[in-house]
Amino acid sequence: MVADTYTLELPAERVLVLDFGSQYTQLIARRVRECGVYSAIYPFDTPVDSIFEFQPTGIILSGGPATVTEEFTARVAPEVLQLGVPVLGICYGMQTIVAQLGGQVENALVHEYGHTEMNLVGTSELLTDTSSDPVSEASTTMNVWMSHGDRVIEMPPGFESIAESAASPYAAIADTSRHLYGLQFHPEVTHTEGGKEILKRFLLVICGCSSGWQTGSIIDAQIDSIKQIVGTDKVILALSGGVDSSVCAALLHRAIGDQLTCIFVDNGLLRLNEAQIVRRNMVEKLGVDVVTVKAEDRFFTALSGVTDPEEKRKIIGREFIEIFQEQSRELQGIKWLAQGTIYPDVIESAGANTQKAKVIKSHHNVGGLPDSMHLQLLEPLRELFKDEVREVGVELGLPPDIVYRHPFPGPGLGVRILGEVKKQYAELLRLADAIFMEELVRNDLYYEASQAFAVFLPVKSVGVVGDNRAYEYVVSLRAVQTQDFMTARCMRIPFEILEAIASRIVNEIPGISRVTYDISSKPPATIEWE
């Protein structure tokens, strides 16, 4: 049997976000952590026993696409509203509180989407001091971000109105005796004036949290936890060379030293000169022991004829696990496999808790280990968002070229080559991607982009090389800017730079005749193409 996954030891103060399917749910969790309080996301229908076990200091109910005016749409368990801990309902979360406690919600004739002027009614613990001027007895206005078609028309017993808008007579409500609060608007988005301050007041004033979730405390607590859990056992780490696995390696090396061996698999799906870069960063700069396994032919054989992206991810994940299993037998005495899994990986793979979230894409490092692999899984970064991982890396003393290197997916070029993965395609894509990165660095744009890469399209396009007709492949460039990697917008690279990049790729790489630029945002697109 495979033991449970060991992850970050959770702090005593923690807020639970119950997800009703809002596009902003992950943003709520990030905003809570920015206020210095740990947060986790569970599905709205998580069993009550699991919620009790989590022991939340406060609970936030997210928005969602459904309407409480219908009988069988999502509801929070009644026990959640009786726990005695503060509860904040946002948008749909507010409406379900109202409907479940005896109030009334209706489909509004006038919907509110985007910026809305809201009047504060009197004073409240939740909304006080969110504007530049102190809230007085007279009503004050503030601009908030609304996104709803229903509205509360009757509050439940015990509630009072603390804000109103033209279309929503109860834009914010409070039952201070039971510590229940509702906001029709979205404080988690930057468009809401004073939104972060509202969340901070809920967390620090109403829930009584102390802002103890800081990078330094994360590192100290985790190092102590790793030492206690691992003891004198030996650990191997699946090292990709990306930010997550590199930070994981540094953290484990700080905790257990030479008990750690990193396994770097050269699978033919890596960026240009990746093996040399990893060795320089991990061996020369950090003194970490790295074993390199050359497995290019093995991966291309396993992927032959496969076009479905989910199947490709599973095949790549399976091959990785088999290699780590083989290496653990060769090295002898290995009891743990460490991975650089982070929280967005878990969310996107619907790996959190009850696994009822919609699968966006599978991550090869999420989901545990097969029973045939007699190792225990160690994932010290599993509860962290990407920017928190970077902060940990900085605190550990990793150089900027490691910490702020653009993310690279675990399956590598296998999911940046659309359709079947072939060695020829990987070689073309590697070169195109390298040119893209070189030009971003040369134009001081690399660190302005949160993630940039090239994608290989399995189609051919007519071109002209010299006086000859060319019929070659197409690549698409992608660069995005984001804070949390849960939402992202395309980076507006100056056209003349894009033109120069495209010219270099077509002229320097035989086999590519056309270059495009992807301007999609996340959502609706994901950052990666597959």
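Here, every reference points to the structure presented above.
Residue indices begin from 1 for each chain and proceed along its sequence in written order. Local features in a predicted model are, by the rule used here, given only for residues with pLDDT of at least 70; side-chain atom pairs are given and counted only at 80 or more, and totals for whole chains, interfaces and linings are based on all residues. Note: side-chain values were computed over all heavy atoms of the structure, leaving out hydrogens and water.

**Quick notes on the overall build of the protein chain**
On a plain count of helices and strands, the protein chain comes out with 14 helices and 19 strands. Should any heavy atoms of two residues lie within 4.5 Å, those residues are counted as being in contact. Counted over contacts in the protein chain with a minimum sequence separation of 6, partners at least 24 positions apart contribute 74%. Methods summary: accessible areas were calculated by the Shrake-Rupley approach with a probe of 1.4 Å, and residue burial reflects only the protein chains presented. Roughly 22100 Å² of accessible area belongs to the protein chain as shown, and the carbon and sulfur atoms make up 48% of that amount. The way it works is that DSSP assigns letters per residue, a run of H or I at least four long becomes a helix, a run of E at least two long becomes a strand, and they are numbered from the N terminus.

**Notes on the nonpolar core**
Note that soluble globular proteins tend to have their nonpolar side chains buried in a common cluster. Only buried Ala, Val, Leu, Ile, Met, Phe, Trp, Tyr and Cys residues count toward a nonpolar core, and they belong to the same one when joined by side-chain atoms within 4.5 Å. A simple rule labels every residue: compare its accessible area, found with a 1.4 Å probe on the protein chains alone, to the largest value its type can have, and call it buried under 20%, exposed over 50%, or partly exposed in between. Counting 156 residues, the largest nonpolar core has Leu-126 and Leu-127 as its most contacted members. Contact partners of Leu-126, with chain neighbours within four places excluded, come to Leu-88, Ile-162, Tyr-181, Leu-183, Ile-198, Arg-201, Phe-202 and Ile-206. Leu-418, Val-455, Val-474 and Phe-485 belong to the second-largest nonpolar core, a separate cluster that totals nine residues.

**Considerations on the pattern of salt bridges**
What counts as a salt bridge is simple: a side-chain nitrogen of Lys or Arg found within 4 Å of a carboxyl oxygen of Asp or Glu. Considering all chains together, one arrives at 26 salt bridges under this definition. Notably, a salt bridge pairs Asp-387 with Arg-30, separated by 2.4 Å at the nearest N-O pair. Of this pair, Asp-387 sits in helix H11 (residues 386-395) while Arg-30 is found in helix H1 (residues 25-34), placing the two residues 357 residues apart along the sequence. Since its relative accessible area comes to 18%, Asp-387 is described here as buried. Given the relative accessible area of 4%, Arg-30 is considered buried.

**Notes on unusual backbone geometry**
That bond from Lys-522 to Pro-523 is cis: its omega, -15°, falls within 30 degrees of zero. Considering the arrangement of structural elements, one finds Pro-523 in the segment after strand E19 (512-518). Of the consecutive residues Pro-523 and Pro-524, the connecting peptide bond is found in the cis state with omega at 10°. Inspection of the secondary structure assignment puts Pro-524 in the segment after E19. The phi torsion at His-179 lies on the positive side, around 60°, for a residue other than glycine. Examined against the element boundaries, His-179 turns out to sit in the loop between strand E9 (172-175) and strand E10 (180-183). With phi around 60°, Asn-273 is a residue other than glycine that occupies positive phi space. Position of Asn-273 among the secondary structure elements: in the loop between strand E12 (260-266) and helix H7 (274-285). Judged by relative accessible area, which is 44%, Asn-273 ranks as partly exposed.

**With respect to the environment of Ser-520**
Tracing the sequence through the fold places Ser-520 in the segment after E19. Remark: the alpha-carbon pair of Ser-520 and Ala-488, spanning 32 residues in sequence, is separated by 9.0 Å. Dropping the residues within four chain positions of it, Ser-520 is found in contact with Arg-478, Cys-490 and Ala-525. Side-chain polar atoms of Ser-520 contact the side chain of Asp-518, separated by 2.9 Å. Any N or O atom pair separated by 3.5 Å or less is treated as a polar contact, with the protein-specific requirement of one donor-capable and one acceptor-capable atom, and with residues adjacent in sequence counted only for side-chain atom pairs.

**Description of the side chain of His-406**
With respect to the secondary-structure elements, His-406 resides in the loop between helix H12 (400-403) and helix H13 (423-442). A residue is classified by how much of its surface remains accessible, and His-406, at 2% relative accessible area, is buried. Polar side-chain contacts of His-406 include one of 3.1 Å to the backbone nitrogen of Ala-452. Sequence-distant contacts of His-406, that is, excluding residues within four places in its chain, are made with Arg-271, Met-437, Tyr-446, Ala-449, Ser-450, Gln-451 and Ala-452.

**Description of the packing of helix H5 (residues 215-230) against helix H6 (residues 243-256)**
Packed helix pairs are characterised by how far apart their axes lie and by the angle those axes make with each other. Angles run from 0 to 180 degrees between N-to-C directions of axes, and those axes are lines fitted to C-alpha atoms, restricted for helices to the stretch in contact. Contact geometry for H5 and H6: axes closest at 9 Å, N-to-C directions at 60°. For the crossing formed where H5 meets H6, the hand is right-handed. Counting all contacts with H5, which are made through Ile-219, Gln-222, Ile-223, Ile-226, Lys-227 and Val-230, the residues of H6 involved are Leu-251, Leu-252, Arg-254, Ala-255 and Ile-256. Think of it as three bins: nonpolar holds Ala, Val, Leu, Ile, Met, Phe, Trp, Tyr, Cys and Pro, charged holds Asp, Glu, Lys and Arg, and polar takes everything else, Gly as well. In terms of residue class, the contact of H5 with H6 is made up of eight nonpolar, one polar and two charged. Crossing chirality is assigned from the near helix's rotation relative to the far helix, an anticlockwise turn below a right angle marking it left-handed and a clockwise turn marking it right-handed.

**A short note on the packing of H6 against H11**
Relative orientation of the contacting elements H6 and H11 amounts to 45°, with a least axis distance of 10 Å. Our classification of the angle between H6 and H11 gives oblique. As H6 runs across H11, the sense of the crossing is left-handed. In contact with Val-243, Asp-244, Val-247 and Arg-254 of H6, H11 contributes Lys-386, Val-389, Arg-390, Val-392, Gly-393 and Glu-395. Here the contact of H6 with H11 is built from residues that sort into four nonpolar, one polar and five charged. These descriptions rest on fixed angle ranges, namely under 35 degrees for roughly parallel, over 145 for roughly antiparallel, 65 to 115 for roughly perpendicular, and the rest for oblique.

**Re H1**
Among the ten residues of H1, nine are classified as buried, and the element is accordingly described as predominantly covered. Among all positions of H1, only Thr-25, Gln-26, Leu-27, Ile-28, Ala-29, Arg-30, Arg-31, Val-32 and Arg-33 are buried. At the C-terminal side of H1, Gly-36 shows a positive phi close to 85°.

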